[in-house]
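Read off the chains here:
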Amino acid sequence: MEALKVWSMSSRPFRHLIFFASPFTSSSIFTKSRCIHSSPVLRCCNSSTTTTGAARNRRSSSSSSSSTSDRDAVRAIRLKKVEELRSKGFEPYAYSWDRTHTSSQLQDIYKSLGNGEEANKENDTVSIAGRIVARRAFGKLAFLTLRDDSGTIQLYCEKEKLLNEQFDQLKTVVDIGDILGASGSIKRTEKGELSVYVKSFAILTKSLLPLPDKYHGLTDVDKRYRQRYIDMIANPEVADTFRKRAKIVSEIRKTVESFGFVEVETPVLQGAAGGAEARPFVTYHNSLGRQLYLRIATELHLKRMLVFEIVVEPKLLQPTFVLDYPVEISPLAKPHRRHAGLTERFELFICGREMANAFSELTDPLDQRERFEEQVRQHNEKRAATASEAGCSEEEREKDEDTSYEVTLDDDFLTALEYGMPPASGMGLGIDRLVMLLTNSGSIRDVIAFPVLKIQQ
């Protein structure tokens, strides 16, 4: 029987190794490595350049301060709009929206529609959703540019066409950056712009923070890397790069698998420092009571895999779903829309093991902040109570380690939410536990090729 072929895909591959082994030849290792170096660039400057640079820095500092003040003012105004929406019975952070098409699909389907024509048959009613990135209003007409994950399309809004007082709401409550759902027919304007002729719309997510300047975008490279969520809003081509990257990874995976290789997840934390001359990152595993090292290279574990066999014996059992968890233990889930104090969350259990965890994602940044702040407050109270106790036993001291560390708010995550996250639901599936079920394995260590273990005495 041909020996196992293994490969590993790393997000930052310093070196890729592909192992070939067969009964007809000795084991061969093919390695490919490439180093990319960037040379430093030095620029000289005279005193006048330095002075100019200093002046520019002062202007930049002043501009930054003004920008922060403006942002706070915009946020305060939009918070009032959130309150206004709720006072009128509208939820500014919706739970869902039924979308029938993406903007690119509509552009393709109706590419032959002539200027000034409207497609208003029954099957031409469409529903779309995305972020508003531009808007213009002229009396009883308003034009909004909606961007989704495939491109942009115009929303053509006419006062007489909209239901109730939606046109007034459109002009007073909707801001650039908001995520909207809109339904209507398809129309191409006299100027040739394909548009959704809006009959009704809903605010799916109210954006609290202003988007970067329309004309200059987000040009601060450091900020682009630190706040990638703004980068992808301001620079749509960035998201395209990540889509291409995902496609590349997918194609590599399919190609390697087509040659009979098995992908192996090598451990991120290792008991021994690997990676030759590279300086390892050292950490400490509290429950195992031992030092561990961050993975640098995957070769050693891949070589170990050349003496394994993989047997799959799937066996499916009846699942059990536990629904509607309390808010206190579900900090990232949306509030239940019918039962106060609960969240829209379920967990799947099979054979007494948690297999999956899923919930409607919380998109309200204010609610999320309150939950995080409550978690920090409770942790700090436990921490203070622990610190004030004297004469604790060894067992109590070990228990106290759970509260000895400091907990802080993830302000960057909260800032990301304030820019607006569309309605979403998520599910985490325990791959290792699923493999345990399908292979009838009794321990998770049976399905992880290289589990982290306690040091042998």
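Note that this is a predicted model, so its numbers are computed, not measured. (Residues numbered from 1 in each chain as written. Predicted model: local features only at pLDDT ≥ 70, side-chain atom pairs only at ≥ 80, totals over all residues. Heavy atoms only, no water.)

**Describing the overall build of the chain**
- In terms of regular secondary structure, the chain is built from 11 helices and 17 strands.
- Within the span of the chain, comprising 457 residues, buried residues form 32% of the whole.
- When contacts within the chain are restricted to residue pairs at least 6 apart in sequence, those whose partners lie at least 24 apart make up 64%. (Helix = DSSP H or I, 4+ residues; strand = E, 2+ residues; numbered from the N terminus. Buried < 20%, exposed > 50% of the residue type's maximum accessible area, 1.4 Å probe, protein only. Contact = heavy atoms within 4.5 Å.)

**Some remarks on the pattern of salt bridges**
- One pass over the full model with this rule turns up 23 salt bridges.
- Asp175 is the partner of Arg78 in a salt bridge, and the nearest nitrogen-oxygen pair spans 3.7 Å. Taken together, the residues span a long stretch of sequence, with Arg78 in helix α1 (residues 47-87) and Asp175 in the loop between α3 (166-172) and β8 (179-188) at a distance of 97 residues.
- When its relative accessible area of 8% is taken as the criterion, Arg78 is described as buried.
- Assessed through its relative accessible area of 12%, Asp175 is described here as buried.
- One salt bridge in this structure joins Lys81 and Asp175, with 2.9 Å as the shortest N-O distance. Placement of Lys81 in helix α1 and of Asp175 in the loop between α3 and β8 is noted, with a sequence separation of 94 residues between them.
- For Lys81, a relative accessible area of 14% translates into the label buried.
- Through salt bridges with shared partners, one network takes in Arg78, Lys81, Asp175, Asp178 and Lys206. (Salt bridge = Lys/Arg side-chain N within 4 Å of Asp/Glu carboxyl O.)

**Describing the sheet that holds strand β12 (residues 282-285)**
- Pairing in this open sheet of 3 strands is antiparallel, and the strands run β11-β13-β12 from one edge to the other. Taken across any chain shown, the strands that pair with only one partner, and hence form the sheet edges, are β11 (269-270) and β12.
- Bridge count between β12 and strand β13 (residues 290-294): 4 bridges; the pairing is antiparallel. By the bridge assignment, Val282 is partnered in β13 with Tyr293. (Pairing = 2+ DSSP bridges.)

**A word on the nonpolar core**
- By size, the foremost hydrophobic cluster in this structure holds 27 residues, and its most contacted members are Leu144, Leu155, Leu170, Ile186, Val196 and Phe201.
- For this core, the secondary structure elements donating two or more residues are β5 (126-138), β6 (141-147), β7 (152-158), α3, β8 and β9 (194-205).
- No other element matches the 5 residues that β9 contributes to this core.
- With residues near it in sequence (within four places) discarded, Phe201 still touches Leu162, Gln166, Gln169, Leu170, Val174, Leu180, Gly181 and Ala182.
- Listed in part, the 6 residues of the second largest apolar core include Leu209, Ile230, Ile233 and Tyr419. (Core = buried A, V, L, I, M, F, W, Y, C linked by side-chain atoms within 4.5 Å.)

**Details of the packing of helix α8 (residues 365-388) against helix α10 (residues 411-418)**
- It is at 9 Å that the axes of α8 and α10 come closest, and there the two elements cross at 160°. With respect to α10, the element α8 is oriented roughly antiparallel. Here the hand of the crossing between α8 and α10 comes out right-handed. Residue-level contacts link Pro365, Leu366, Gln368, Arg369 and Phe372 of α8 to Asp411, Phe413, Leu414, Leu417 and Glu418 of α10.
- When grouped by side-chain class, the residues that make up the contact of α8 with α10 number 6 nonpolar, 1 polar and 3 charged. (Axes fitted to C-alpha atoms, helices over the stretch in contact; angles between N-to-C directions. Parallel < 35°, antiparallel > 145°, perpendicular 65-115°, else oblique. Left-handed = near helix turned anticlockwise from the far one by under 90°. Nonpolar A, V, L, I, M, F, W, Y, C, P; charged D, E, K, R; others polar.)

**Considerations on α8**
- Taking 1.5 Å of rise per residue, 24 residues should cover 34 Å, and α8 covers 35 Å from first to last C-alpha, within 8% of that figure.
- When we look at burial in α8, the residues that qualify are Pro365, Asp367, Gln368, Arg371, Phe372, Val376, His379 and Thr386.
- Sitting at the head of α8, Asp364 places a side-chain oxygen 3.0 Å from the backbone nitrogen of Leu366. (Expected span 1.5 Å × (residues − 1). Polar contact = N/O pair within 3.5 Å; in protein donor to acceptor, adjacent residues only side chain to side chain.)

**Considering the confidence of the model for the chain**
- For the chain, per-residue confidence averages 78 on the pLDDT scale, and 74% of positions sit at 70 or higher.
- Note that residues 11-63 has pLDDT below 50 and, in this model, 38 contacts with residues that lie over four places away or in other chains.
- Taken as a whole, residues 309-316 scores under 50 in pLDDT and shows 12 contacts with residues more than four places along the chain or in a different chain. (pLDDT = per-residue confidence, 0-100.)

**Regarding the packing of aromatic side chains**
- Tallied over the entire structure, the rule returns 6 aromatic pairs.
- Ring geometry for Phe143 and Tyr156: centres 5.2 Å apart, planes at 80°, overall edge-to-face. Here the residue Phe143 occupies a position in strand β6, and Tyr156 occupies one in strand β7, the gap between them amounting to 13 residues.
- Note on Tyr156 and Tyr197: the rings are 5.1 Å apart at their centroids and 85° apart in plane angle, and the pair reads as edge-to-face. Of this pair, Tyr156 sits in strand β7 while Tyr197 sits in strand β9, and the two are 41 residues apart along the sequence. Across the pair, exposure class does not vary: Tyr156 and Tyr197 are buried alike.
- Grouping aromatic residues by their ring pairs yields a cluster made of Phe138, Phe143, Tyr156 and Tyr197.
- When the ring centre of Tyr95 is taken as origin, the NZ or CZ atom of Lys334, which lies over that ring, is 4.6 Å away. (Phe/Tyr/Trp six-rings, centres within 6.5 Å; stacked < 30°, edge-to-face > 60°. Lys NZ or Arg CZ within 6 Å of the ring centre and 35° of its normal.)

**Let's talk about the environment of Ala449**
- Residue placement: Ala449 occurs in the segment after α11 (431-439).
- C-alpha of Ala449 to C-alpha of Pro267: the two residues are 182 residues apart in sequence and 8.4 Å apart in space.

**Observations regarding the pairing of β6**
- Pairing analysis gives 7 bridges linking β5 to β6, with the strands arranged antiparallel. Its bridge partner being in β6, Arg131 is matched across the sheet by Arg147.
- Where β5 folds back on β6, the antiparallel hairpin that results is connected by 2 residues, among which Gly139 adopts a positive phi of roughly 60°.
- A loop of 4 residues connects β6 with β7, the two strands running antiparallel in sequence, and Gly151 in this loop sits at a positive phi of about 160°.

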